[in-house]
Amino acid sequence: MFCRPTRPSAASAQVMQCAHGIGGLVCLSDSLESGTLEPTIDLRALLVEREDCDAGTVAKLREGLAQGGNQFRSLREVSDLLRKKLDSASPATAKKWQLKLGIVSFFLGHMRQAVELLQ
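Reference entry: report on the structure contained in this document. (Residues numbered from 1 in each chain as written. Predicted model: local features only at pLDDT ≥ 70, side-chain atom pairs only at ≥ 80, totals over all residues. Heavy atoms only, no water.)

1. Some remarks on the overall build of the protein
Helices and strands together make up the secondary structure of the protein, namely five helices and three strands. Element order for the protein, N to C, with α for helix and β for strand: β-β-β-α-α-α-α-α. For the protein, the residues scored as buried account for 28% of the 119 residues in total. In the protein, the share of contacts with a sequence separation of at least 24, taken over all contacts with a separation of at least 6, comes to 38%. (Helix = DSSP H or I, 4+ residues; strand = E, 2+ residues; numbered from the N terminus. Buried < 20%, exposed > 50% of the residue type's maximum accessible area, 1.4 Å probe, protein only. Contact = heavy atoms within 4.5 Å.)

2. Notes on helix H2 (residues 55-66)
Three or four residues apart is the spacing at which side chains of an α-helix point the same way, because the helix has 3.6 residues per turn. Compared with the 16 Å implied by 1.5 Å per residue over twelve residues, the 17 Å span of H2 between its first and last C-alpha is a close match. Taken residue by residue, H2 has Thr 57, Leu 61, Gly 64 and Leu 65 as its buried positions. For H2, the angular spread of buried residues about the axis comes to 95°, placing them on one side. In H2, those exposed residues whose orientation departs by more than 90 degrees from the buried face are Ala 55, Arg 62 and Ala 66. Backbone geometry just after H2 places Gly 68 at a positive phi near 70°. (Expected span 1.5 Å × (residues − 1). Arc of directions from axis to C-beta.)

3. Some remarks on the nonpolar core
Ranked by internal contacts, the top residues of the largest apolar core, which has 17 residues, are Leu 43, Leu 47, Leu 61, Leu 75, Val 78 and Leu 82. Of all the elements in the fold, those that place two or more residues in this core are helix H1 (43-49), H2, helix H3 (71-88) and helix H4 (91-108). Looking at this core, the element that brings in the most residues is H4, giving five residues. Non-local contacts of Leu 43, meaning those with residues more than four positions away in its chain, are made with Val 48, Leu 61, Gly 64, Leu 65, Gln 71, Ser 74, Leu 75 and Val 78. (Core = buried A, V, L, I, M, F, W, Y, C linked by side-chain atoms within 4.5 Å.)

4. Here's the deal with the packing of aromatic side chains
Pairs of aromatic rings are described using the distance from one ring centre to the other and the angle between the two planes. Scanning the model with the defined rule gives one aromatic pair in all. Look at Phe 106 and Phe 107: their rings are 5.4 Å apart centre to centre, the planes differ by 80°, and that puts the pair in the edge-to-face class. Judged by relative accessible area, Phe 106 falls into the partly exposed class, the value being 44%. The side chain of Lys 96 reaches across the aromatic face of Trp 97, ending 4.3 Å from its centre. (Phe/Tyr/Trp six-rings, centres within 6.5 Å; stacked < 30°, edge-to-face > 60°. Lys NZ or Arg CZ within 6 Å of the ring centre and 35° of its normal.)

5. Quick notes on the environment of Lys 95
Along the chain, the position of Lys 95 falls in helix H4. By relative accessible area, which is 58% here, Lys 95 ends up exposed.

6. What to know about the side chain of Lys 100
Considering the arrangement of structural elements, one finds Lys 100 in helix H4. Of the side chains with opposite charge, Asp 52 comes closest to the buried, unpaired Lys 100, at an N-O distance of 6.2 Å. One polar contact links the side chain of Lys 100 to the main-chain carbonyl oxygen of Leu 47, over a distance of 2.9 Å. If near-sequence neighbours (up to four positions away) are discounted, Lys 100 is found in contact with Leu 47, Arg 50, Glu 51, Asp 52, Cys 53 and Leu 82. (Lys, Arg positive; Asp, Glu negative; His and termini not counted. Salt bridge = Lys/Arg side-chain N within 4 Å of Asp/Glu carboxyl O. Polar contact = N/O pair within 3.5 Å; in protein donor to acceptor, adjacent residues only side chain to side chain.)

In structure tokens, the structure reads:
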């Protein structure tokens, strides 16, 4: 069965709003079809742009990944950014980037790399 594309109507359009949340930038996707408001956690803002990394950060990361969609792709991109930050960081800030990269590696399923980074 083939589906042919139809012109988007106002009822099926998605409205994007962005607001600053506790875990970084939170984008709110309001689907007019379902009438629900789904907050999407910006993983890049959560892990790269924020300085701190604590249990709340890990909880927000877990919530963001549970949202599905493109969140795992975003996490892979964040992993690449964190690797670059770690490679160019001074020894004083390298521990912070190493911790974040270890946590991201764990959630991506790279257990050996996560163990090495979190030791």
